[in-house]
Amino acid sequence: LGLATPTALMVGTGRGAQLGILIKGPEILESTRTIDTVVLDKTGTVTTGTMTLAAIHTVDGVDPDEALRLAGALENASAHPIARAIALAAADRVGPLPGVSGFTNVNGLGVQGVVDGHAVLVGRPQLLAEWSQYLPPEQADAMAAAQAKGHTAVAVGWDGAARAVLTVADEIKPTSAAAVGELARLGLRPVLLTGDNEAVARTVADAVGIDEVIAEVLPADKVDVVKRLQDEGRTVAMVGDGVNDAPALAQADLGLAMGNGTDAAIEAADLTLVRGDLRVAADAIRLSRRTLRTIKGNLFWAFAYNVAALPLAAAGLLSPMLAGAAMAFSSVFVVGNSLRLRRFRPLTERDG
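Parameters and conventions
Residues numbered from 1 in each chain as written. Predicted model: local features only at pLDDT ≥ 70, side-chain atom pairs only at ≥ 80, totals over all residues. Heavy atoms only, no water. Helix = DSSP H or I, 4+ residues; strand = E, 2+ residues; numbered from the N terminus. Buried < 20%, exposed > 50% of the residue type's maximum accessible area, 1.4 Å probe, protein only. Lys, Arg positive; Asp, Glu negative; His and termini not counted. Charge placed at Lys NZ, Arg CZ, Asp CG, Glu CD. Salt bridge = Lys/Arg side-chain N within 4 Å of Asp/Glu carboxyl O. Pairing = 2+ DSSP bridges. Axes fitted to C-alpha atoms, helices over the stretch in contact; angles between N-to-C directions. Contact = heavy atoms within 4.5 Å. Patch = residues over 30% accessible without salt bridge, like charges linked within 9 Å, V, L, I, M, F, W, Y side chains within 5 Å. Areas by Shrake-Rupley, 256 points an atom, 1.4 Å probe, with all protein chains shown as cover. Parallel < 35°, antiparallel > 145°, perpendicular 65-115°, else oblique. Left-handed = near helix turned anticlockwise from the far one by under 90°. Nonpolar A, V, L, I, M, F, W, Y, C, P; charged D, E, K, R; others polar. Core = buried A, V, L, I, M, F, W, Y, C linked by side-chain atoms within 4.5 Å.

Novice: A description of the overall build of the protein should follow, citing residues and the corresponding values.
Specialist: Secondary structure assignment for the protein yields 15 helices and 13 strands. The burial tally for the protein puts 49% of its 352 residues in the buried class. The protein carries 30 positive and 38 negative side-chain charges, and their two centres are separated by 13 Å.

Here it is as structure tokens:
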């Protein structure tokens, strides 16, 4: 009985470490048994998070390089993946970027500041609309077409007018569809959570097999989404990688952080997935559940063994030699049953 739980925990967590799954504590195993919904952050979790500039759409008379230079200079002051993609593309295409003054990050909408004497806005059309800057029909159509392809499009305006749309592409990880399929087979309901436009989110969700999409969520509101799902009676797991995901990871019944994510996300999570492969999230839940089943199996057989053998020994029907050997064998059985966890195979091995 004393070996039943710690032995299975030691073997299960050790096998998890070999596979890049770090489990913070034994109580996490119980959480995986009751999970029925898994919320997946889009950028960096379902997609690669490595974005590249795909296209520039400017109004007539505006130089695309000038639009990229002003947007890139402003975005260079931000750490967001979309901002980094635009800034890197601008530096590669037009050279050194000018400085920015009065930089402001408008949470969930974009950024604004002054570049070379121009008041520049980069972000969602809503941000530009707050300054009475509206996209011309051609640029609005370009933004809609980009979003229909699953790309992210940002509007750029300066000196009182919307002048360009920049399209940024973020590729879906090739293993995400298999991971979502495995999560569904585990009885979990996948939900895609993102701050992106509904059309972009739906395109990505359709590509990987997710039916439920919650889009256009501000970073600070992700934790509210998790709370709302819990209020609906769901037991929620959250998978994310960014600093904005940390509160939601902490709020979820089970938090899983991608190991290539931020320290804040990793610290807030219950499980850390060292590799950036979403299939490891499914492996983590499978391994945790199997470890819990092994613990329960060990406890059952240890109890059953003693319940059956103790009356026989008390009645004198077992010799001391045989009873001693039987007691030693019970420990061997528990250890041997736990060691079967070493044969746990991840999806990457089964698929490959």
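Novice: Just give me the short version of the pattern of salt bridges, but keep the residues and values in it.
Specialist: This model, assessed by the stated rule, comprises 15 salt bridges. Close ionic contact of Arg185 with Glu182 constitutes a salt bridge, the shortest N to O distance being 3.0 Å. In this pair, Arg185 and Glu182 are both assigned in helix α8 (residues 176-185), three residues apart and thus about one turn of the helix distant. Accessibility expressed as a relative area gives 7% for Glu182, which makes it buried. Between Glu212 and Arg234 there is a salt bridge, and its shortest N-O distance comes to 3.2 Å.

Novice: Kindly report on the sheet that holds strand β5 (residues 110-115), identifying the contributing residues and their values.
Specialist: Spatially, the six strands line up as an open sheet ordered β3-β8-β7-β6-β5-β4, and their pairing is antiparallel. Edge strands, defined here as strands with exactly one partner in the open sheet, are β3 (47-58) and β4 (100-106). Ignoring strand direction, the axes of neighbouring strands in this sheet form an average angle of 20°. Note that β3 and strand β8 (residues 161-172) share eight bridges and pair antiparallel. In the strand pairing of β8, Thr47 is matched with Ile172. Across the sheet, helix α5 (residues 81-94) touches β3, β7 (152-158) and β8, and the angle it forms with β3 is around 55°.

Novice: Account for a nonpolar patch on the surface, with residues named and values stated.
Specialist: A contiguous nonpolar patch, built from Phe300, Trp301, Phe329, Val332 and Phe333 and spanning about 540 Å² of accessible area, is present on the exposed surface. Of all the secondary structure elements, the ones that give two or more residues to the nonpolar patch are α13 (279-314) and α14 (320-339). No other element matches the three residues that α14 contributes to the nonpolar patch. The topology assignment puts Trp301 in helix α13. When its relative accessible area of 48% is taken as the criterion, Trp301 is described as partly exposed.

Novice: Requested: an account of the packing of helix α4 (residues 64-75) against α5, with residues and values cited.
Specialist: Each pair of packed helices gets described by two things: the angle between the helix axes and the distance between those axes. In contact at an axis separation of 8 Å, α4 and α5 are set at 130° when each is read in the N-to-C sense. In terms of orientation, α4 lies oblique with respect to α5. Judged by the twist between their axes, the crossing of α4 over α5 is left-handed. Counting all contacts with α4, which are made through Pro64, Asp65, Leu68, Arg69, Ala71, Gly72 and Glu75, the residues of α5 involved are Ala83, Arg84, Ile86, Ala87, Ala89, Ala90, Arg93 and Val94.

Novice: Provide a residue-level description of a positive patch on the surface, including the pertinent values.
Specialist: On the surface, Arg290, Arg293, Arg340 and Arg343 cluster together into a positively charged patch. Tracing the chain through its elements places Arg293 in helix α13.

Novice: Can you tell me about the packing of α13 against α14, naming the residues and giving the values?
Specialist: Here α13 crosses α14 at 165°, and the two axes come no closer than 10 Å. The angle between α13 and α14 falls in the class roughly antiparallel. When the axes of α13 and α14 are compared, the crossing they make is right-handed. Every residue of α14 that contacts α13 at Thr294, Asn298, Trp301, Tyr305 and Asn306 is listed here: Ala326, Met327, Phe329, Ser330, Phe333, Val334, Asn337 and Ser338. When its residues are assigned to classes, the contact of α13 with α14 shows seven nonpolar, six polar and no charged.

Novice: Could you give an account of the nonpolar core, with specific residues and numbers?
Specialist: Most often, soluble globular proteins keep nonpolar side chains buried together rather than apart. Core analysis: the largest hydrophobic core is formed by 42 residues, its most contacted members being Ile21, Leu40, Leu192, Val239, Leu256, Leu271 and Leu273. The contact partners of Leu40, leaving out residues within four places of it in the chain, are Val46, Val180, Leu183, Val191, Leu192, Leu193, Ile210, Val239 and Leu278. Formed by 24 residues, the second largest nonpolar core is a distinct cluster that contains Ile82, Ile86, Val115 and Val156.

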